[in-house]
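Chains, contacts and geometry: an overview
In case you want the letters, here they are:
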Amino acid sequence: MKFFVDTANIDDIKELNEYGFLDGVTTNPSLIAKSGRDFKEVIAEICALVPGPVSAEVAAMTFEGMVSEGEYLARIADNVVIKLPMTLDGLKTCRHLVRKGIKTNVTLCFSANQALLAAKAGATYVSPFIGRLDDTNIDGMDLIRDMREIYDNYAFQTEILAASIRSANHVKEAAIAGADVATIPPAVIKGLANHVLTDKGLEQFAKDWAATGQSIL
Ligand code: E4P
């Protein structure tokens, strides 16, 4: 499973990039607002740092507006992916951009039928929002399982990008359910490395090593 980081914070992206397991980045208007940065500048900076796909979301709601914004954003860098809303106009824009060779990410997907439409529109990625479904008492992971089955039934090439990930357990469950990608907040990515028994084991090894009085170098 590929790991994207879900942030527009450059320091977090730099740090995670150095660990070597960052395959891409997703942003959204809320994350851009949180960064306090200029949208186009921050997308250009992220694209220069991370060679993988970087999702940048349009703000327009109409087909014409989304096409203009999407084509503009796609010119910022070769690795920009245009994030479009899961609406009829968003799907029409998706089809248009895909025909022009521009990669797309259909976002705010909450049902299997929406995911089916996005795949039929040729989306490169579709983003089911796990955490936000869980918030409404619907198991978000059921959507990932349904999407995997539907996409495999018809050999759709659209990648399932598990989004709105809130916990390490979400990452594990999405991987088991066959999501192609998970976009994960920085703190959750770093938390995946933690285990209390790892900490306990290291503490004991350090103590026993000190007792030997030896040094490696
Ligand atoms: C996905 O691309 C979105 O940016 C993101 O995962 C939304 O997560 P949230 O529901 O925690 O805001």
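Our structure's up above, just so we're on the same page.
Okay, so let's go over this structure. (Residues numbered from 1 in each chain as written. Predicted model: local features only at pLDDT ≥ 70, side-chain atom pairs only at ≥ 80, totals over all residues. Heavy atoms only, no water.)

**Let's talk about the sheet that holds strand 6 (residues 125-128)**
What the eight strands build is a closed barrel, ordered 1-2-3-4-5-6-7-8; its pairing is parallel. The mean angle between the axes of side-by-side strands here comes to 30°, regardless of whether they run parallel or antiparallel. Across three bridges, the pairing between strand 5 (residues 104-109) and strand 6 is parallel. Residue pairing for strand 6: Cys109 is matched across the bridge by Pro128. Of the strands in this sheet, strand 3 (54-57) and strand 4 (80-85) are in contact with helix 4 (residues 63-74), which crosses strand 4 at around 160°. (Pairing = 2+ DSSP bridges. Helix = DSSP H or I, 4+ residues; strand = E, 2+ residues; numbered from the N terminus. Axes fitted to C-alpha atoms, helices over the stretch in contact; angles between N-to-C directions. Contact = heavy atoms within 4.5 Å.)

**A closer look at the pattern of salt bridges**
Tallied over the entire structure, the rule returns 10 salt bridges. In this structure, Arg148 engages Asp152 in a salt bridge whose closest nitrogen and oxygen atoms are separated by 3.2 Å. Remark: Asp152 and Arg148 occur in helix 8 (residues 140-153); sequence separation between them is four residues, near one turn of the helix. Arg148 gets classed as buried once you look at its relative accessible area, which sits at 16%. Between Arg148 and Asp180 there is a salt bridge, with its nearest N and O atoms 3.2 Å apart. You can see Arg148 sitting in helix 8 and its partner Asp180 sitting in the loop between helix 9 (168-177) and strand 8 (181-184), a full 32 residues away along the chain. The structure contains a network of salt bridges with shared partners spanning Asp139, Asp142 and Arg145. (Salt bridge = Lys/Arg side-chain N within 4 Å of Asp/Glu carboxyl O. Buried < 20%, exposed > 50% of the residue type's maximum accessible area, 1.4 Å probe, protein only.)

**Remarks on the packing of helix 8 against helix 9**
Think of two packed helices as two axes; the pair is described by the angle between the axes and how far apart they sit. At a minimum axis distance of 9 Å, the contact between helix 8 and helix 9 shows a crossing angle of 20°. One way to sum up the angle between helix 8 and helix 9 is to call them roughly parallel. As helix 8 runs across helix 9, the sense of the crossing is right-handed. Along the contact surface, helix 8 presents Met141, Ile144, Arg145 and Arg148, while helix 9 presents His170, Glu173, Ala174 and Ala177. Its residues placed into classes, the contact of helix 8 with helix 9 shows four nonpolar, one polar and three charged. (Parallel < 35°, antiparallel > 145°, perpendicular 65-115°, else oblique. Left-handed = near helix turned anticlockwise from the far one by under 90°. Nonpolar A, V, L, I, M, F, W, Y, C, P; charged D, E, K, R; others polar.)

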